[in-house]
Amino acid sequence: MDKTIITTLGLATIGAIYWFFFGTKEESRIVSDHWDIAVQGGYKPAAIRIPHGKPAAITFTRTDPNTCLEEVVMSDFKIKKFLPINTPVTIPLSPAKKGIYEIHCGMNMFHGKIVAV
Ligand SMILES: [Cu+2]
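A brief report on the enclosed structure follows. Small disclaimer: the values here were computed from a predicted structure and weren't measured. The numbering scheme is per chain: residues are counted from 1 as the chain's sequence reads. Reporting of local features is limited, given that this is a predicted model, to residues whose pLDDT is at least 70; pairs of side-chain atoms are given and counted only at 80 or more, and all residues count toward the totals for whole chains, interfaces and linings. Hydrogens and waters are ignored; side-chain quantities use all the structure's heavy atoms.

**Here's the deal with the coordination of the copper ion**
Our working definition: Listed donor atoms are N, O and S within 2.8 Å of the metal (Na, K and Ca: 3.2 Å). As water is not included, a site may look incomplete. Strands here are runs of E lasting at least two residues and helices are runs of H or I lasting at least four, both read from the DSSP assignment and numbered beginning at the N terminus. For each residue, the accessible area found with a 1.4 Å probe, counting protein chains only, is set against the maximum for its type, and the residue is called buried under 20%, exposed over 50%, and partly exposed in between.
Donor atoms from the polypeptide that coordinate the copper ion comprise Cys68 (SG) and Cys105 (SG), at 2.0 to 2.2 Å from the metal. On the criterion of sequence distance, the pair formed by Cys68 in the loop between strand E5 (56-62) and strand E6 (71-74) and Cys105 in strand E9 (residues 99-105) is long-range, its members being 37 residues apart. For the pair shown, Cys68 and Cys105 are each scored as buried.

**Remarks on the nonpolar core**
Applied cut-off: Side-chain atoms within 4.5 Å are what join buried Ala, Val, Leu, Ile, Met, Phe, Trp, Tyr and Cys residues into a set we call a nonpolar core. Residue contacts follow a heavy-atom distance rule, with two residues in contact if any of their heavy atoms lie within 4.5 Å.
By size, the foremost hydrophobic cluster in this structure holds 23 residues, and its most contacted members are Tyr43, Phe60 and Ile114. Where this core is concerned, the elements lending two or more residues are strand E2 (34-39), strand E4 (47-50), E5, E6, strand E8 (89-93), E9 and strand E10 (111-116). Discounting chain neighbours no more than four positions away, the residues touching Phe60 are Ile37, Val39, Tyr43, Val72, Met74, Leu83, Thr87, Pro88, Val89, Ile91 and Ile103.

**So, the packing of aromatic side chains**
Applicable threshold: In summary, the pairing rule links any two rings of Phe, Tyr or Trp, Trp by its six-membered ring, whose centres are within 6.5 Å, and it sorts them by plane angle into stacked for under 30 degrees, edge-to-face for over 60 and tilted for everything else.
As enumerated under the stated definition, the model contains two aromatic pairs in all. On the numbers, 6.2 Å between centres and 80 degrees between planes, the contact of Tyr43 with Phe60 is edge-to-face. Note that Tyr43 is positioned in strand E3 (residues 43-44) and Phe60 in strand E5, a separation of 17 residues in sequence. Taking the relative accessible area as the measure of exposure, Phe60 reaches 0% and is therefore buried. Look at Phe77 and Tyr101: their rings are 4.9 Å apart centre to centre, the planes differ by 45 degrees, and that puts the pair in the tilted class. Of this pair, Phe77 sits in the loop between E6 and strand E7 (79-82) while Tyr101 sits in strand E9; the two residues are 24 residues apart in sequence, bridging distant segments of the chain. Note on Tyr101: relative accessible area 13%, which makes it buried.

In structure tokens form, the structure reads like this:
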């Protein structure tokens, strides 16, 4: 009886921790052709899914004053964009192939990813 409760609590805790780190905040499993990414201590959500083979757009809004995040780079698409603070910047892209594409800051310290499905 006690063991069952402890096991259940343990599993619930693991589930909550998993959700906290890998849940909706960090990574969305939704596929959409338009995303809003908040640039605040990193990229939120840190992973997005877009369809491949058609136009998509990502709007970055940086609210973090950290200059480290003022440039967003998507080298697979040869994109490098300055993100003025509190100003949404929309970047169009249309990955031809399925795959995982990196998003990172100008200094390659913060990372996100685009999953083309
Ligand atoms: Cu940086």
